[in-house]
Amino acid sequence: MASSRSAELKTAPLLAGARRAEPLVWASAGAVVLALLLLAAVLLLLASNSFRYFWPQPLVYLESDQLGPSGSLGIVLGRDTGRRAQNAQLLLLRGAEEFFQSPIIWLDEDRIRSRQQPKDAFAVERADRGMVFGFIEALTVIGEQRVLSNGSPSQVLNAVQNAREEVSRLSIETREASFYSIRLANGQLVDLPLADVVSVHLPNSMNRVEKLNHFAAGVWRFLSEAPRQTNVQGGVLPAIVGTVTLVLLMAIIVAPLGVLAAVYLSEYAQSGILTRLVRIAVNNLAGVPSIVYGVFGLGFFVYAVGGSIDSVFFADKLPAPTLGTPGLLWAALTMAILTLPVVIVATEEGLARVPKNLREGSLALGATRAETLWRVVLPSAAPAVLTGLILAIARATGEVAPLILVGVAKYAPGLPVSGEFPFVHFDRQFMHLGFYIYDLGFQSPQIDTVEGLVYATALLLVGIVLLLNVAAVVLRGRLREAFAGEEIFR
Amino acid sequence: MNDRSATAKRRLLLDRVISLLVNAAGATIILLIVLILAYLLYTTLPLTRGTAIGASQSFSHLGSTVFARYDAAPWTLGEPGAEAGLLVSSSQVAVRLHENQLSVFSLQVERESLTTPEPVPLQRAVLLGRIKLDGEVLEDTLQLDDWEETLLISYQHPQGELVVLKVQVGESAAFLPQRWRFADYPQDSFHLLDASRAELLVVGGGLLRRIELPSQDSSSAISPHEHSWQELSQRHTGAVLPVQGSAQAVGWGPRRDTLLLVDKEQFLHRFDLVRSASIGPTSPMPFPVTSIGSERQRRVSFVAGAAGEVALFVPSSSGFLLQSILPGASGGEIVLSDDGGRFMQSQPDALMTWNVLNDYPETSARSLWAPQWYEAAPRGQLEWQPDGLAIGALSKYSLTPLLFGTFKAALYGMLFAVPLAIGAAIYTGYFLSTRLRNRVKPTIELLEAFPTVVLGFIAGLWLAPLLADYLLFVLLLPLVAFSVPLLLAAAHFTCRSISPRFSDRPPRLVLLLIAYLLAGVVLFDASRPLEAWLFTDSMSDWLWSEFGVHYDQRNAILIGFAMGIAITPSMFSILEDAIYAVPRSLSDGSLALGATRWQSLAKVVLPAASPALLSALLIGVARGLGETMIVLLATGNSPLLDPSPFSSMRTISATVAIELPEASAGGINFRLLFLSALVLFALTFLFNTIAEIYRQRLRYTYGQF
């Protein structure tokens with residue numbers, strides 16, 4: 001007893017010192033910093049890689065023992081700093097996939113003899129079969145040859161761009177007689193159709209303004225065009241339209257039910273077994289994994305409900321299913337159930353903040369409960385309802401798992417919205433930004449060539465979702481402020 | 001006056017309607033969750049449907065003896081008054097034994113149309129050729145087996161000779177039967193024909209002999225000639241079977257990967273034809289077995305007895321799916337059709353069939369969760385392989401690896417998320433000023449809004465290759481995460497001991513940010529040389545060569561990170577709310593009594609908020625169990641049973657996402673995926689409900705202040 005006490009006395013100052021240093025406070029502060037760092041790191045990663053995808057990258061001409069006498073021209077996609085007794089390697093995108101075995105190539109760094117950035121190297125983006133890098137030597141427009149060998153690179157660029165615009169106005173037959181002759185890095189001179197050119201530029205002799213223009217044009221094409229070449233090139237417009245249509249349709253379905261359920265919980269429910277059951281149900285709906293909603297949607301909506309509708313109303317088209325197959329309507333319904341708790345919780349919170357005396361005043365003036373609700377309570381809680389809807393839309397925008405089962409498509413050229421009757425095609429499959437990321441990232445045979453596109457899509461998706469969330473946070477803050485004063489008088 | 005009361009009535013009516021609508025909306029929420037549960041159950045329940053014998057049917061022989069032995073559906077072939085004779089049929093060809101002559105017919109009917117038995121007129125069958133026999137044939141020894149264009153026929157003569165015929169029955173091939181004769185063939189032996197491998201399997205004397213029956217002359221196999229069985233069996237050593245002496249019955253196992261033998265004591269033995277070894281324990285049969293056989297595409301076998309007793313079982317599992325006596329069966333041999341759809345028996349004047357209702361044979365609780373001793377395996381296995389037929393094997397349906405993978409992914413995620421969420425919640429909820437808290441909290445909560453597909457993509461495609469290169473760096477990160485704050489604390493304390501002018505409220509977050517970034521950069525640069533120096537090469541190779549630890553590129557560490565990011569914010573949010581809600585007066589009292597800030601937190605605030613801690617942990621696990629996109633993109637999706645942090649896994653959610661779009665509605669895989677979704681639903685329901693109970697307890701606690 002005594003000895004332990006003396007030991008305690010000896011260690012006491014040390015312990016007290018350690019306590020005053022507050023190591024655990026520092027550690028918990030560390031967790032905050034780490035969490036914030038993670039968020040920043042993920043955003044930075046997405047942003048920097050997307051930027052790299054759109055910003056013109058320098059074209060590098062490399063000569064290496066691996067390539068034989070001629071060199072290779074392309075964009076350096078990445079670098080692997082040597083592992084397992086290997087040397088550092090460069091990943092070069094050399095494009096022109098029909099002339100080389102593979103559009104990408106790994107090159108050992110120490111076997112590279114020379115490295116240049118030729119000013120007159122062209123990068124041509126084609127509608128089909130990816131990029132081509134090389135030196136444009138001649139141009140043939142409708143059978144008439146225009147030799148350009150004496151022109152400066154920028155003159156050649158202008159000539160090609162003008163010719164491209166000329167050709168785009170031509171009929172399909174005459175387009176075939178228009179092509180450009182480009183010398184590839186291996187010395188081969190090839191003739192490629194002008195009509196196939198999406199954009200052409202001289203990455204190594206562009207100034208900042210030109211690069212910025214190219215960047216903006218790239219971003220615009222990404223947002224406004226449909227994917228090409230089985231999704232590995234082009235834009236994401238159908239995916240944006242599909243996502244927006246889905247979440248709007250979902251919002252239309254979820255809003256009335258969610259608001260009514262919240263009104264029930266906040267205004268109408270007596271504290272009884274039923275109310276407690278509803279609360280448990282809402283909590284569990286929020287906790288059910290999203291994939292389970294997908295399974296339910298596929299089984300119940302698609303097969304059970306859709307199949308029954310088909311057998312009654314579209315019997316003449318069977319066995320080809322009309323609604324008994326994954327599609328927009330079922331996806332929206334599934335998403336509506338998934339986001340229902342979000343709307344309920346947010347709305348209920350808003351309703352609870354509406355001061356009680358407002359209601360009492362309305363009732364005292366002889367209004368019925370419904371009138372009080374409609375004229376007084378709901379208008380006051382409208383920002384909360386809106387917050388809930390925005391959060392629901394944000395959740396549905398980012399959610400992919402259930403969609404894999406109930407209606408999303410890898411490639412759906414027919415948009416779910418069109419000028420034809422009935423304008424919104426409930427039975428169609430649609431594209432979705434999140435699924436697009438999953439599909440490209442997971443199913444692509446050559447991930448290195450599409451990585452930039454996936455990063456750009458991911459940044460777009462994250463941007464939309466985070467923006468919606470920030471909007472919801474701001475709106476919620478406004479609501480709290482609005483009634484902050486009233487609560488004092490309660 | 002009337003007008004006014006009408007308005008009042010309308011107002012009251014509207015009030016009623018709205019009230020009704022609102023109440024209906026409340027009820028709808030309950031209905032929804034009940035509907036989800038009910039529908040999942042409704043789709044899953046048929047899996048528990050037992051096996052049963054359905055309607056029986058009798059097909060008159062119409063003058064010909066019909067015995068559709070290997071058929072998916074039985075046939076009657078012939079017309080009233082046609083010549084009598086024994087007829088054996090497969091789905092493509094029929095063989096009729098009549099007046100010492102074998103006639104081989106091509107049936108010219110699509111296999112798909114064989115779902116319902118119906119008489120086929122003899123005219124529609126095309127006679128391919130006739131084979132003259134040299135002597136009397138024992139009728140019930142006639143067997144046939146066909147595979148694509150090869151037809152094997154065997155029969156025995158009363159004096160003990162076994163004859164095997166091989167015929168090419170394709171449209172282009174000429175009808176040129178090859179004939180093998182085995183004189184003095186022992187009567188107590190069993191033989192099986194395998195047209196797909198062109199083999200004759202003979203079981204006798206405790207040995208299995210496989211005799212190749214080639215089309216061209218080959219040196220290793222025996223030529224189509226006369227052979228003395230005695231001499232032949234001395235040349236062919238054969239594999240030793242688990243049954244000594246002669247067997248009671250011998251038949252194929254499922255998909256012909258195994259041989260099923262019943263010994264004289266009615267015990268069933270399984271012999272693996274791929275590994276030439278006996279597998280699994282023996283099990284007793286419920287009655288004296290006269291015939292035994294199996295389906296071709298599912299792991300279902302049958303035994304039948306002389307008095308019409310039948311039993312169905314899954315050979316890799318113990319117990320019987322069905323034991324029954326077929327009504328109206330006579331003494332003849334009972335067989336099961338290849339697709340398992342019906343039992344058949346040839347009776348003197350008719351062919352009897354009994355429908356078998358057995359849609360989901362391999363879905364007992366035991367076969368879904370316990371190890372199964374499959375064919376071609378040295379021991380019992382837990383495997384999920386529902387697309388077996390596509391890769392040339394039988395499907396394997398064990399949900400254990402999926403459940404294991406689900407928990408593994410969730411727990412590795414928790415390993416990362418728990419310290420982060422608790423630490424961040426404590427600092428934000430207790431130490432941060434309210435002004436700063438109102439900024440930091442929503443920012444951290446933004447992580448929750450992050451689409452998980454993006455996190456999965458980053459983990460699977462950006463982090464995975466990086467992790468393989470910087471394994472040591474990543475493994476050291478948790479150490480850094482803890483030691484940097486401790487070092488800073490020590491530094492701060494030292495500075496304050498030296499000079500009291502140092503503030504006791506340093507800008508912790510800024511200092512930590514700088515320190516973390518510095519430590520990260522230094523460690524990142526140092527880790528590759530360090531790894532090369534410590535392990536001579538990469539750490540993953542070292543793990544493999546030193547410990548035999550297999551390193552998958554997409555592994556549990558990766559999932560820990562990505563899943564951790566996904567589940568941290570929800571746990572943080574619950575916990576932070578609870579800590580912040582603990583009344584300040586409590587900790588103020590503790591501080592006034594001389595406790596340090598950490599002591600008041602640990603002894604006063606945290607105990608008050610402890611139900612929230614438990615609630616947060618449960619919510620975190622539930623979130624991790626159900627997460628789909630991250631695991632889909634970053635686990636590698638191999639259904640392994642390996643707890644190692646360096647190995648891959650396959651979760652329930654990922655399996656559902658991958659397989660359900662391709663599963664045919666109502667099929668066994670479809671229903672099993674619904675079952676696994678139901679398991680997931682039940683697990684998260686349980687976790688969420690407990691969490692909710694604890695959270696309500698928390699509200700009650702605060703209600704006291």
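See the structure shown above.
A short tour of the structure in this document, coming up.

The rules behind each value
- Residues numbered from 1 in each chain as written.
- Chains lettered and ligands numbered in written order.
- Predicted model: local features only at pLDDT ≥ 70, side-chain atom pairs only at ≥ 80, totals over all residues.
- Heavy atoms only, no water.
- Helix = DSSP H or I, 4+ residues; strand = E, 2+ residues; numbered from the N terminus.
- Buried < 20%, exposed > 50% of the residue type's maximum accessible area, 1.4 Å probe, protein only.
- Contact = heavy atoms within 4.5 Å.
- Areas by Shrake-Rupley, 256 points an atom, 1.4 Å probe, with all protein chains shown as cover.
- Pairing = 2+ DSSP bridges.
- Axes fitted to C-alpha atoms, helices over the stretch in contact; angles between N-to-C directions.
- Expected span 1.5 Å × (residues − 1).
- Bend = angle between axes of the 7 residues up to and from the residue.
- Buried area = accessible area lost by both parts, 1.4 Å probe.
- Salt bridge = Lys/Arg side-chain N within 4 Å of Asp/Glu carboxyl O.
- Polar contact = N/O pair within 3.5 Å; in protein donor to acceptor, adjacent residues only side chain to side chain.

**Some thoughts on the overall build of chain A**
Check the secondary structure of chain A and you find 14 helices and 13 strands. Residues classed as buried in chain A amount to 51% of the 490 residues present. In chain A, once contacts between residues fewer than 6 apart in sequence are set aside, the share between residues at least 24 apart is 67%. Of the roughly 22200 Å² that chain A leaves accessible, carbon and sulfur atoms contribute 60%.

**Quick look at the sheet that holds strand 18 (residues 249-252) of chain B**
Residues and elements named next belong to chain B. Reading across from one edge, 18-19-20-21 is the order of the 4 strands in this open sheet, with antiparallel pairing throughout. The sheet terminates laterally at strand 18 and strand 21 (277-284), the two strands that pair on one side only. Along the sheet, successive strands turn relative to each other by an average axial angle of 20°, direction set aside. Both strand 20 (residues 267-272) and strand 21 contribute to a ladder of 5 bridges, which runs antiparallel. If you follow Asp 272 over to strand 21, its bridge partner there is Ala 277.

**Considerations on helix 7 (residues 471-498) of chain B**
The end-to-end C-alpha distance of helix 7 of chain B is 40 Å, a good match for the 40 Å that 28 residues give at a rise of 1.5 Å each. Along helix 7 of chain B, the largest kink reaches about 35° and is centred on Leu 477 of chain B; proline Pro 478 of chain B follows within four residues of it. Residues of helix 7 of chain B that are buried include every one of Leu 471, Leu 472, Phe 473, Val 474, Val 480, Val 484, Pro 485, Leu 488, Ala 489 and His 492 of chain B, and no others. Turning to helix 7 of chain B, the residues buried within the fold contact helix 2 (23-54) of chain A together with helix 6 (452-469), helix 8 (508-535), helix 9 (539-547) and helix 10 (556-581) of chain B.

**Digging into the environment of Val 354 of chain A**
All names here are of chain A. Note that Val 354 resides in the loop between helix 9 (328-353) and helix 10 (356-364). According to the relative accessible area criterion, Val 354 is buried, its value standing at 0%. Separated by 255 residues in sequence, Val 354 and Phe 99 place their C-alpha atoms 70 Å apart.

**Regarding the interface of chain B and chain A**
At the junction of the two partners, chain B supplies 95 residues and chain A supplies 92 residues. In this assembly, chain B packs against chain A so that about 8200 Å² is buried in total across both faces, 79% of it on carbon and sulfur atoms. Broken down residue by residue, the surface that chain B buries against chain A is led by Val 22, Ile 29 and Phe 457 of chain B, which jointly contribute 8%. At the boundary of chain B with chain A, the tally comes to 1 salt bridge. Measuring nitrogen to oxygen at the nearest pair gives 2.8 Å for the salt bridge that ties Arg 11 of chain B to Glu 371 of chain A. There are 8 residue pairs in polar contact (both at pLDDT 80 or more) connecting chain B and chain A. Take the side of chain B that touches chain A: its biggest share by element is 19 residues, from helix 1 (residues 2-44) of chain B.

**Some thoughts on the pairing of strand 19 (residues 258-262) of chain B**
All names here are of chain B. Along strand 19, 5 of the 5 residues are buried, which leaves the element largely enclosed by surrounding structure. Here strand 19 shows two buried faces, one formed by Thr 258, Leu 260 and Val 262 and the other by Leu 259 and Leu 261. Counted between consecutive antiparallel strands, the loop separating strand 18 from strand 19 contains 5 residues, among which Arg 255 sits at a positive phi close to 55°. Judged from the 5 bridges that link them, strand 19 and strand 20 form a sheet pairing that is antiparallel. Its bridge partner lying in strand 20, Leu 259 is registered against Phe 271.

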